[in-house]
Amino acid sequence: QVQLVETGGGSLQPGESLTLSCTASEGISGIDNMAWYRQAPGKQRELVASITYGEVKKYTNSVKGRFTISRDDVKRTVWLQMNSLKPEDTAVYYCNADLQPLNSEVYSNWWGQGTQVTVSS
C-alpha cells in the first residue's frame, strides 16, 4: 500500500523554526513532483512549496525567504524547513507527491494525512 507519512508538526512561538518531513512508503519505483500544502481553519488548502524531480523549487509569496523545500529520492523523503514562523502560518500541513507504484506504469497523485502546525505566543 503506497502512502505518504508526515512527521514534525507541533506548537511553537512566533520566530521559531520547525522542519516537517514526509516519507513515501516502500513499493514505489519513481517519484516526480513533491509539494507541501496547508489548510488553515475556514480557508482553502493552498500550495506552500513545490519541488520537481530536477529540484526546481517554487514558493508561495508569503513564505519566500522563510521556508525551504528539499528532497532526497533515495530516502523517498521531502522536507519543509520553516524559519521565522508567524501566527498566520498556523495550519494543517499536507504532503503531496506524484508516485509510481511498483505494479503500475503510470504516476498517480498521493496525499499525506496532514500534520498540525500551531504558531502562537
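Our structure's up above, just so we're on the same page.
Report follows, based on the coordinates.

What counts and how
Residues numbered from 1 in each chain as written. Predicted model: local features only at pLDDT ≥ 70, side-chain atom pairs only at ≥ 80, totals over all residues. Heavy atoms only, no water. Helix = DSSP H or I, 4+ residues; strand = E, 2+ residues; numbered from the N terminus. Rg over C-alpha atoms; globule rule 2.2 N^0.38 Å. Buried < 20%, exposed > 50% of the residue type's maximum accessible area, 1.4 Å probe, protein only. Contact = heavy atoms within 4.5 Å. Areas by Shrake-Rupley, 256 points an atom, 1.4 Å probe, with all protein chains shown as cover. Lys, Arg positive; Asp, Glu negative; His and termini not counted. Charge placed at Lys NZ, Arg CZ, Asp CG, Glu CD. Salt bridge = Lys/Arg side-chain N within 4 Å of Asp/Glu carboxyl O. Core = buried A, V, L, I, M, F, W, Y, C linked by side-chain atoms within 4.5 Å.

A separate point is the overall build of the protein chain. What the protein chain contains, in helices and strands, is zero helices and eleven strands. Sequence-ordered secondary structure for the protein chain, helices as α and strands as β, is β-β-β-β-β-β-β-β-β-β-β. Whereas a compact globule of 121 residues would reach a radius of gyration of roughly 14 Å, the protein chain reaches 14 Å, a difference of no more than 12%. When the 121 residues of the protein chain are sorted by exposure, 40% land in the buried category. Sequence separation of 24 or more characterises 55% of the internal contacts of the protein chain that already satisfy a separation of 6 or more. For the protein chain, the computed accessible surface area is about 6,500 Å², with 47% contributed by carbon and sulfur atoms. Of the charged side chains in the protein chain, 11 are positive and 12 negative, and the gap between their average positions amounts to 7 Å.

Looking now at the pattern of salt bridges. Applying the stated criterion across every chain yields a total of four salt bridges. The closest approach of N and O atoms between E46 and R38, which form a salt bridge, is 2.7 Å. Relative accessible area serves as the criterion here: at 5%, R38 is assigned to the buried category. A salt bridge links R38 to D89; the nearest nitrogen and oxygen atoms lie 3.0 Å apart. Taken as a pair, R38 in strand β4 (residues 28–39) and D89 in the loop between β8 (77–82) and β9 (91–101) lie far apart in primary sequence, 51 residues in all. Like D89, R38 is buried.

Here we come to the nonpolar core. W36, L80, M82 and Y93 are the most contacted members of the largest nonpolar core, which totals 29 residues. Going through the elements one at a time, β3 (18–24), β4, β5 (46–51), β7 (67–72), β8, β9 and β11 (115–119) are the ones with two or more residues in this core. If you tally residues by element for this core, the top one is β9, at five residues.

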